[in-house]
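Chain and residue survey
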Amino acid sequence: MRSPLLTKLSTLIRRRLPLNWLLLCLVSIFVLIVWLESSYSNTFDSVASSAKPDIYTRYRKLKKQVHNDYLELNSLSVGANWIKDIGFCDKERENYLPCYNVSANSLAGLKDDEEFDRHCELSREQPHCLVRPPKDYKIPLTWPAGRDVIWSGNVRLTKDQFLSSGSMTKRLMLLEENQIAFHSDDGMMVDSVKDYSHLIAEIIGLGSDAEFLQAGVRTVLDIGCGFGSFGAHLLSLKLMALCVAAYESSGSQVQIALERGLPAVIGNFVSKQLPFPSLSYDMVHCAQCGIIWDSKDGLFLIEIDRVLKPGGYFVLTSPTTRQQQDSSTSAKKESMSTPLEEFTKKLCWSLLGQQEETFIWKKTVNSQCYSSQFSIPICKGEDMQLYYQPLAHCISGTSINRWIPIHDRSGPLNSTHIEIHGVHPDDFFEDSEFWRSALRNYWSLLSPLIFSDHPKRPGEEDPLPPYNMVRNVMDMNAHYGGLNAAMLDASKSVWVMNVVPLGAHNTLPLILDRGFAGILHDWCEPFPTYPRTYDLLHANGLLSHIALQGCSILELLLEMDRILRPEGWIILSDTLGPIEKARMLATQIRWEARVIDLQNGRDQRLLVCQKPFTRK
């Protein structure tokens, strides 16, 4: 006799319930696959194993391969069950700038404007989050239209602040609805920017400002640059004018200059030296920059002397200076002079002349001049990597082999000048050729995306060259500045901030001597700029360098996300290990990421990412 249990099993088999279970399992697997595909639909394919030699020339669209991405990310997660996306910051941090916390600095006892300086050591650790753009943020207009018109919602300058600003600011700008228009031919303390530039050339002894280059002036440090109109004019003359201004919680000069596509960086030397080597710039310019130059026993003027090259010019336009000069000349000339005049004589500067409120001094080309000025000693142990060191009451640069008058450097660097920097000319020219080739590959890689496949926004058409969407470029590990040089050779309408990482070989003097913009920076700390100020970030070997420094790659990528504009691009070049780790983190940061095998027989990969435009 059959048992009741066997009878029940026989009945279940006849009803085919196991078949229904099997169908249910298959449906569940299918649903799981669809869900995985949708979860990773925003990631790009890693072509490390399937890249073709013509990856650059035939590259049009990034094909999504969900299963490969999922398997690779799962293996990289080292057993983690889920890779969690990093969340967004609160509204209060949409203009977040680390290391510039004025309230915390004030509580720490800093005063006399030092509370506005950079103090990373006082910054509290912040939770990992992504800085989102303001509600009214819009993608900047393409260059060169974006130089003269910006969206008012992209910068911290309200209508009330504009109306309460001085007459000069109102002459510089015109606020219309949601735009700020800049008058490129108006706004200085004389009739126009062009006239002002011509005045400077005239005092120097030139026929016009078109002769700046022939006179050896290629790089200009513009202190307190206003909103960049003078720098924009100098750029039109093929000069590199870098704006340096102090941190401002609103209405920032640096933020607005960068929004216009002009070179700028936050810098303040109230108590610390600027992160530039000695003998860096051909001209330093200050037009009503708010600095009392003869205070603190002349420390500010000594810092200007440090960064000026031999034969370089200090241009000062200030009503205060004119008043001092007038009071001096009206008194007994044989017994009175202004403190500023007295101190510039100690610095071996010669006053070339003055007109109205503008004064121009020239630094000596004779390094022996300083030895006779016993009141200001010569610095010891100079030509080191200066990274926010305290202001020094001593003269720098007199004993280093880079003491070369600017008039002797009117053209490109030759082999002799290259060797002065401790670089073999063959290595230098080989590096230059490498970056010309690399730039062609980068541009052919990005051009289809930027000009053709770029997602259209309502009411906008695809940009056409040279009105491209890449203007502000940062090379985060610049080496000799080869990428910058390749950009110039290819006539790309961009400028490059060349960053030399702290701890790497200090090539910044070479970069600055090439006439490029550059700065020394520790990538274990935030970069001194406002959010959303760069269109393209490039770094070759920086991930490996950061690992050796013992710093976090995640924090580096979050900092890159902070300073990158929405829809901006990232190109990272490194070995496979750091690149794969960065790719996993890029997915957490919500970047669209793709790994490219260069197929050059080496363990080198490219990680190409794009930051999405995430609205609130």
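Since we're looking at a predicted model, the values are computed, not measured.

Thresholds, definitions, all that
- Residues numbered from 1 in each chain as written.
- Predicted model: local features only at pLDDT ≥ 70, side-chain atom pairs only at ≥ 80, totals over all residues.
- Heavy atoms only, no water.
- Disulfide = S-S within 2.5 Å.
- Helix = DSSP H or I, 4+ residues; strand = E, 2+ residues; numbered from the N terminus.
- Buried < 20%, exposed > 50% of the residue type's maximum accessible area, 1.4 Å probe, protein only.
- Pairing = 2+ DSSP bridges.
- Axes fitted to C-alpha atoms, helices over the stretch in contact; angles between N-to-C directions.
- Contact = heavy atoms within 4.5 Å.
- Core = buried A, V, L, I, M, F, W, Y, C linked by side-chain atoms within 4.5 Å.
- Phe/Tyr/Trp six-rings, centres within 6.5 Å; stacked < 30°, edge-to-face > 60°.
- Lys NZ or Arg CZ within 6 Å of the ring centre and 35° of its normal.
- Salt bridge = Lys/Arg side-chain N within 4 Å of Asp/Glu carboxyl O.

1. Observations concerning the state of the cysteines
- Under the definition given, this model contains 7 disulfides.
- Covalently, Cys-379 is tied to Cys-394 through a disulfide, its sulfur atoms 1.9 Å apart. With the S-S dihedral at roughly 95°, the linkage between Cys-379 and Cys-394 falls on the right-handed side. Taken as a pair, Cys-379 in the loop between strand E10 (358-363) and helix H14 (415-420) and Cys-394 in the loop between E10 and H14 lie far apart in primary sequence, 15 residues in all. For the pair formed by Cys-379 and Cys-394, the shared burial category is buried.

2. Some remarks on the sheet that holds strand E5 (residues 240-245)
- Reading across the sheet, the 7 strands line up as E6-E5-E4-E7-E8-E10-E9 and stay open at both edges, with mixed pairing between neighbours. Looking at the sheet topology across the chains shown, the edges are occupied by strand E6 (264-266) and strand E9 (349-355). Averaged over all adjacent pairs, the angle separating strand axes in this sheet is 20°, with direction ignored.
- Packing of helix H9 (residues 229-236) onto the sheet brings it into contact with strand E4 (219-223), E5 and strand E7 (281-287), and relative to E5 it is tilted by some 165°.

3. What to know about the nonpolar core
- Among the nonpolar cores identified, the biggest contains 102 residues, and Leu-221, Trp-293, Phe-314, Met-474, Met-497 and Leu-572 are the most heavily contacted of them.
- Take this core: its biggest share by element is 7 residues, from helix H19 (residues 553-563).
- In this view, Leu-572 contacts Ala-539, Leu-543, Leu-557, Met-560, Ile-579, Ala-582, Arg-605, Leu-606 and Leu-607; residues no more than four positions away in its chain are not counted.
- Ile-200, Ala-215, Leu-237 and Ala-287 belong to the second largest nonpolar core, which has 23 residues in total.

4. Examining the packing of aromatic side chains
- One pass over the structure, following the stated rule, counts 18 aromatic pairs.
- Here the aromatic residues Phe-269, Trp-293, Phe-300, Phe-314, Trp-349, Phe-359 and Trp-361 are joined through ring pairs into a cluster of three or more.
- Over the ring of Trp-151 we find Lys-138, and its NZ or CZ is 4.4 Å from the ring centre.
- The ring of Trp-143 has Arg-471 sitting right over it, with the charged end atom 3.5 Å from the ring centre.

5. Details of the environment of Ile-596
- Among the secondary structure elements, Ile-596 is positioned in strand E16 (residues 592-597).
- Spatially, the C-alpha atoms of Ile-596 and Ser-573 are 9.6 Å apart, while their sequence positions differ by 23 residues.

6. Comments concerning the pattern of salt bridges
- Per the counting criterion, the structure on display carries 14 salt bridges.
- Salt-bridge contacts for Arg-306 lead to Glu-303; the nearest nitrogen and oxygen are separated by 2.8 Å. Separated by 3 residues within a single helix, Arg-306 and Glu-303 lie in helix H11 (residues 299-307), roughly one turn from each other. Here the two residues Arg-306 and Glu-303 agree in accessibility, since each one is buried.
- Across the pair Asp-305 and Lys-363 runs a salt bridge, and its minimum N-O distance is 4.0 Å. One end of the pair, Asp-305, is in helix H11; the other, Lys-363, is in strand E10, and 58 residues separate them in sequence. Across this residue pair, the class does not change: Asp-305 and Lys-363 are buried.
- Sharing partners across several salt bridges, the network here consists of Glu-259, Asp-535 and Arg-565.

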